Structure formats: C-alpha cells, structure tokens
Amino acid sequence: MSTAAVPTDEPAPISTGTQGPTDTTATAPTPTTPADELLALHRSGRLAAEYPRLKALLAQLDEDRSARAAQLLARVDPDEVLRAHPSLPALTVAITGHGTLSALVPALALEGARHGIVLRTVVSDFDSYVFDLADPGSALHAASPDLVLCLLDPMIVRDELPSPWRPEDVEAVLAEKTALLEGLVSRFAGSGSGTLVLNTLPLPRDLVAQLVDHRSRARLGVLWREANIRLLRLAETHPELVVLDLDPIAGEGVEVTDARLSVYAKAHLSPRMLSRYAREAGHLARLAAGQTKKCLAVDLDQTLWGGVLGDDGPEGIEVGDGPRGAAFAAFQKVVGQLASQGVLLAAVSKNDLGPVRDVLANRTEMALREEDFVRLAVNWRPKHENIAELAADLNLAVDSVVFADDSAYECGLVRRELPGVAVVQLDEEPARHIGKLLRDGWFDTRELTTEDRARPALYRSEAERKDFLHTFDSLQDYLRELGVRVEIGPVADADVPRVSQLTLRTNQFNLTTRRLQPAEVRALAEGPDTQVLAVRSGDRFGDNGLVGAVFLRREGSTVHIDNFLLSCRVFARGIEQAALTTVLRRARADGAREVVGYYRESAKNAKVQDFYPANGFTRTGGAEDVGERPDEHGDEQPDAHTSERPGEQPDASANVRAFRHDLAGIPRFPTTSS
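A brief structural summary.

About the cut-offs
Residues numbered from 1 in each chain as written. Predicted model: local features only at pLDDT ≥ 70, side-chain atom pairs only at ≥ 80, totals over all residues. Heavy atoms only, no water. Core = buried A, V, L, I, M, F, W, Y, C linked by side-chain atoms within 4.5 Å. Buried < 20%, exposed > 50% of the residue type's maximum accessible area, 1.4 Å probe, protein only. Helix = DSSP H or I, 4+ residues; strand = E, 2+ residues; numbered from the N terminus. Contact = heavy atoms within 4.5 Å. Salt bridge = Lys/Arg side-chain N within 4 Å of Asp/Glu carboxyl O. Axes fitted to C-alpha atoms, helices over the stretch in contact; angles between N-to-C directions. Parallel < 35°, antiparallel > 145°, perpendicular 65-115°, else oblique. Nonpolar A, V, L, I, M, F, W, Y, C, P; charged D, E, K, R; others polar. Polar contact = N/O pair within 3.5 Å; in protein donor to acceptor, adjacent residues only side chain to side chain. Left-handed = near helix turned anticlockwise from the far one by under 90°. Pairing = 2+ DSSP bridges. Phe/Tyr/Trp six-rings, centres within 6.5 Å; stacked < 30°, edge-to-face > 60°.

1. Digging into the nonpolar core
One finds Val 157, Val 170, Leu 196, Leu 198, Leu 220 and Trp 224 to be the most contacted residues of the largest nonpolar core, which totals 33 residues. Secondary structure elements with two or more residues in this core: α6 (129–134), β4 (147–151), α8 (155–158), α9 (167–189), β5 (195–199), α10 (205–208), α11 (214–237) and β6 (241–244). Counting residues per element, this core draws most heavily on α9, which supplies seven residues. The residues touching Leu 198, leaving out its near neighbours within four places in the chain, are Cys 150, Leu 152, Val 185, Leu 234, Leu 241, Val 242, Val 243 and Leu 244.

Laid out in structure tokens, this is it:
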C-alpha cells in the first residue's frame, strides 16, 4: 500500500482567458471568479494556508471546473493543511479494489475540500482487495482508516467469463463473487478498521448487447440485479458496512466506463462515474467527521412558490397550477419528505408574516403547512441574522443549517457572514430545485431512528416550553413546574443505532467528541469492563426519547467516564446533573473509590469545559491528566477522529483534561434508574 501518487505536470487552467505578459516584473491580474481565485492560490502555494476558504469557492464551480480544481487539490499536503489549521477534522481513507484506482484520489480531494475535511488517502496495489480486506496484517488495516472504499467494477465478473459465454456462466461467476464479498465483509467486521464501503455493479450495455436474443438478455438482467440485491442486503446484517448503489447514478446518464481507459489503463469506471462515487463517499466522510446538518432553512418567494407574495398576493403566486406551479409543488413535496425523516424545516423569508400564514393555511395546492415548520423567520431583517437567531433558538450550532434560496445576492451574503452554513443556490428554473437541493446529501445518515422521525415534533414542543418559561420569574420555578423526568439504564440493542448517531452528530455537549460506529457502541456495551448507559427524558409537554449516553470503564477501584454526551435539545434542565449523580451513586454502590471524568477540548464544546468542576469534581494533576501535552498538530485534535479504540482511555496526545470525584458528598437528584 502506498500514498497516492499525484501528477507532476500542472493541469489545464481552471478558467480560460488571455495570458498575461511574460515579464516577471508584471503584476498578476486580480482574480475575478472563484475559479481564478483557486488557480491563483495554487500558483502562489497558498491552498493549504487558505483551506477553510475553499468551501465557498468550490461551491460556485460547475462540473468541468470542479474536475480541474480536483487536480490542484490532489497536490495539497494534508499535514501542511493541519499545521496551518489544527482544528480541522481529519480522516484517513483507504482505497482498494479491482482496477487502477489512483484516478479516484483527486475526486476525493475535491470532496474533502468542499466539506472542510482533511482527507489522507492511502491507495492499495492493483487488484489487491481480497488480501487487503481478509488479512488483519495487511497495510490497509495497519493504516487504521476511518473509511475503506472497496471500489467494485463490472470487470470482476467479465474477467472470469469463458469465451464464448452464456447467462448461466454469468450466474456462476456472480454467485462466486457475492459469496467472496460476503466472506470478506465478515472478516473485516472483526478488525475495527472503520467503515467499509462497497458498491453495486452497473450492468454494461456492451455486455448485454453480446446476447442476440431478448430472452437471454432478460435473463442476464435478472441475474445481475439479483447479485446487486445480495450486495445491498449485506448492509442489513453488517452495521460496519455501507453499500453505495451506482444504478441511480448510471440512470442519470453518467457513463459507466470509458472504453479506452478501461482497456489501456485498467481504470474500469469512467471519470464522471468516479466523480459521482467520490461525492457519495464525501457524504460518508462528512458523517464520520460529525459534520451533520439538522435544519433546512428555505426561502419562500421563487423557492417554495413562484412569484413575489408582496406583489402578487396570496392568490397570485404560482403553486400547483400550470407547469411551473407543478414544479414548485413537487419541490415542496421533497422538502416535506426530508422533514418527515427528522430534518428541521424553517422558513427564512423577507415578507410580512400575515400573508405567509394565509398562504400556508388557505392555498389548497400547497404541499406544506405551517405545522410542517419548526420556525417561521419571516420579517424584513437580513437573512443571515435570521439564520443565526434561528440556530440559537433551536439550540443548534449555526453550521448545522442548510440554506436554500434563489437569490444569488442572499446566498452570497450568507456565505460571507456565516461560512459554516451550507448554501444551496437555486435559480429561476423551479424544475431544477429538487436536484440542486438533493445533490450533496446534506442530511444523509447511516440509519434512521425513531428519534429522527419524531425530531420535528420534539422541537415544536420545545417552542411550547419556551413560551411556558416566559410565564415564570425564575429558572428554578420553571424547571420545578416543567416536571422533568430522567431515566438512566444500560443501553439495549435496539438503542445502539441511536447512541452511535448521538456520538456522530452531537458536538456541543460532547465531553470527549469520540465518534463511534454502531459496532463499536455494541462492543462497549457488551465488554467485561465497559458499560454504556442510555439517558432518556420527558416532561409535562411529552417524551423527549433517548437524549444522551454515558460511556463507562472500570479499572480496579476507579470508574472512568470516557465520554458523556447529551442532545442539544435538552441542555440546562438538570438532565445532565441527574445522569451524573446516578453514575456516582452506582460507582459507590459497586465498591469504587473514585470516578474520573474527561474533557477533551474541541472547536464546539467549550460550553461544557467546566461541567465536571461545577458538579463536585476536582482537576487531577496525576497520570490521567494529559492536558498539557498537545500533539504535533496543536492543542486540539480534529473533532472527527481520535486515535483511541473502544474501551481505551482518551488519547494522551489529544489535550484531555481529567477530573476526579472521591464519591463523598454526592448530591441528591431525583432520577429513575433501570
């Protein structure tokens, strides 16, 4: 296995234009477009130094210019980026498969930069995927990758066919290959080497066309699709596996192969297919990095309906009727589909609130109603201010928001003022709205949970809590009348996906920011010296569901809290104190002499840095306190990745502070334990 090689010759310029004078004393022209800026940063050697800026620039490039930018970004040294920006999330991505794989590296570099993630890519030797996945001693496993991309292509079948061949021969090869892959997935599962990514095999047209009768072609199609179904079903029984379905991409007209590259370079998937594959892999990297999006803030005029409400009136806007109105209605249905799966929907619009409510209540063609939104930020204030206030009201980080608007001005302003917000710039053609919104899979998750589907209703009830709060003179009176209930107990198997999701999505109340996949959570829950506690809560307004988790490890007479995390929805209601009190009581009852909790600083968890001292812990200066030894990248490791494995003490290189409780003077706090 070797680090990916990068071409040494400079790629074609990202944008065209007349060449400047050759006189070395001449002043370089000022960049006028995002493409020009990227090229200027490359030529001045400042891509690494300006890496956080690249997200906004890359978001404005079309497909061709993005492909050229990818070649520039593949040359950027990840370590140089991290030296300049030590707090950026970093992931190791291993690439293995059947054919020549190096062409995937620039596409991944582009996706990493688009999401503000530093990707270290490690590429295996040609056709070594069986050895890489099966042997725990392989170089792939030694790299401890966060993502393992095993790129499959149709040639793994075609290379095994006799000449001449029949559908029965294809059936035999497909059965052999799917059985092999199932065995490799099982072997990989016990290695602890991150998330494995497979993909379905697109059926090449030139393979089908070699059969002259339509009955045989139909048989081949059935056999091929059944094999892909077997691949997709592997993910149902292997939580560490993701299978990307390439058929929808091919169905959009993306060519599967490039004949010349396949024959001469053994690169069996076309550059465009690799680019789209890399985009899907980028979504998985963003999820692994904890950079999840939770809220979709949408404009109204020319976005959810046609026309301008203030000019056209509630009856004059376009929605449902006519081709354009049907396009807006279709977009609303897609937005509603996202909201039904836990995406928080908010309207951010420069309008008067009354007419907007009139449209949502009375236009029968509307697919969305006021109850589908958790907030209506409808006023005449700047939209970036409304988005920041919206995030604060929902107790979300502002970079949890995706903003969709048809106005280039509004999109540019939000990009500038709130660079963490993902901006989806729509245009005057509503038929393209759906594709633009879904292009980057902003709300993708590994598995949808019950809490996900209930999330919008939970946030709407949170608004009722805030209204209730305003009727009290003190927070203490409010909490007493709110009637908070807390239940704490060992995590059940059915809770594992939700607990894993909390580790991946929660950033603010996350004491050590350890990201865990479901298999890792399950291993900790079943370990002889480790335990995972699930925290549930409710109050007079309803059940909040599973809102937190505590990860414990016993060493002799010491109980370690390796991580403690809580959903941002339920901060500051005493839930965290109730959970901690339960941990302390149980530790004392089980004969422990002390409890040690850890805090590892990240870019987003500063609000909980004093959580342990505020609850009776004292900072320890002993061996556990490793906060004074930052690693080579500075005081903070990237939020996305820490080097410790499940059940290990937080890494001594990651600026972890330790706090001790002697189990004397545990406060009384009402909880329900199980």
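From this point, the narrative continues.
2. Observations concerning unusual backbone geometry
Across the junction of Ser 163 and Pro 164, the peptide omega takes the value 0°, indicating a cis bond. Take Pro 164: it is sitting in the loop between α8 and α9. The phi angle at Asp 127 is positive, at roughly 55°, despite the residue not being glycine. On the secondary structure map, Asp 127 appears in the loop between β3 (118–123) and α6. In this structure, Gln 302 takes a positive phi of about 65° despite not being glycine.

3. A few points about the pattern of salt bridges
One pass over the structure, following the stated rule, counts 31 salt bridges. Close ionic contact of Glu 385 with Arg 381 constitutes a salt bridge, the shortest N to O distance being 3.7 Å. Taking the relative accessible area as the measure of exposure, Glu 385 reaches 35% and is therefore partly exposed. Taking the shortest distance from any N to any O, the salt bridge between Asp 405 and Lys 383 comes out at 2.6 Å. Of the two residues, Asp 405 is situated in strand β10 (residues 401–405) and Lys 383 in helix α18 (residues 383–393); the sequence distance between them amounts to 22 residues. For the pair Asp 405 and Lys 383, a shared accessibility class is recorded, and that class is buried. Several salt bridges converge on common partners, so that one network encompasses Glu 37, Arg 46, Glu 50 and Arg 53.

4. Details of the packing of α9 against α11
At a closest axis distance of 10 Å, the pairing of α9 and α11 adopts a crossing angle of 5°. Taken together, the axes of α9 and α11 are roughly parallel relative to one another. Taking contact as the criterion, the partners of Pro 167, Val 170, Glu 171, Leu 174, Ala 175, Thr 178, Leu 181, Glu 182 and Val 185 in α9 are, on α11, Ser 216, Arg 219, Leu 220, Leu 223, Trp 224, Ala 227, Arg 230, Leu 231 and Leu 234. A per-class count over the contact of α9 with α11 returns twelve nonpolar, two polar and four charged.

5. Quick notes on the side chain of Asp 440
Within the secondary structure, Asp 440 sits in the loop between α20 (433–438) and α21 (450–469). Here Arg 114 takes part through its side chain, which lies 2.7 Å from a polar atom of the side chain of Asp 440. Excluding residues that lie within four positions of it along the chain, Asp 440 makes contacts with Arg 114, Arg 279, His 283 and Arg 286.

6. Digging into the packing of α18 against helix α19 (residues 408–417)
Any two packed helices are characterised by the angle at which their axes cross and by the distance between the axes. Contact geometry for α18 and α19: axes closest at 9 Å, N-to-C directions at 55°. If you check the angle between α18 and α19, you find them oblique. Note on packing geometry: the crossing formed by α18 with α19 is right-handed. Facing Lys 383, His 384 and Ile 387 of α18, the residues of α19 in contact are Glu 410, Leu 413, Val 414 and Glu 417. Class assignment for the residues of the contact of α18 with α19 results in three nonpolar, one polar and three charged.

7. Focus: the sheet that holds strand β11 (residues 422–425)
Pairing in this open sheet of five strands is parallel, and the strands run β9-β8-β7-β10-β11 from one edge to the other. Bordering the open sheet on either side are β9 (375–379) and β11, each of which pairs with just one other strand. Neighbour-to-neighbour, the strand axes of the sheet open up by a mean angle of 20°, direction not taken into account. Alignment of strand β8 (residues 344–350) against β9, held across five bridges, turns out to be parallel. Note that in β9 the partner of Ala 347 across the bridge is Leu 376. Across the sheet, α18 lies against β7 (295–298), β8, β9 and β10, angled at about 150° from β8, the strand it touches most.

8. Some details on the packing of aromatic side chains
Under the criterion given, the structure shown has six aromatic pairs. Arranged with centres 5.3 Å apart and planes meeting at 75°, the rings of Phe 509 and Phe 611 form a pair that is edge-to-face. Here Phe 509 is found in the loop between α23 (496–505) and α24 (518–526), whereas its partner Phe 611 is found in the loop between β16 (594–600) and β17 (618–619), with 102 residues between them in sequence. Centroid distance Phe 564 to Phe 611: 5.4 Å. Interplanar angle 80°. Geometry classified as edge-to-face. Of this pair, Phe 564 sits in strand β15 (residues 558–566) while Phe 611 sits in the loop between β16 and β17, and the two are 47 residues apart along the sequence. The same class applies to Phe 564 as to Phe 611, namely buried. Aromatic rings pair up to connect Phe 509, Phe 564, Phe 611, Tyr 612, Phe 617 and Phe 659 into one cluster.

9. Describing the environment of Leu 149
Checked against the element boundaries, Leu 149 lands in strand β4. Placed 20 residues apart in sequence, Leu 149 and Tyr 129 show a C-alpha to C-alpha distance of 9.9 Å. Ignoring any residue separated from it by four or fewer positions in sequence, one finds Leu 149 in contact with Val 93, Ala 94, Ile 95, Thr 96, Leu 104, Leu 108, Val 197, Tyr 277 and Ala 281.

None of the figures reported here should be taken as evidence of function without further support.
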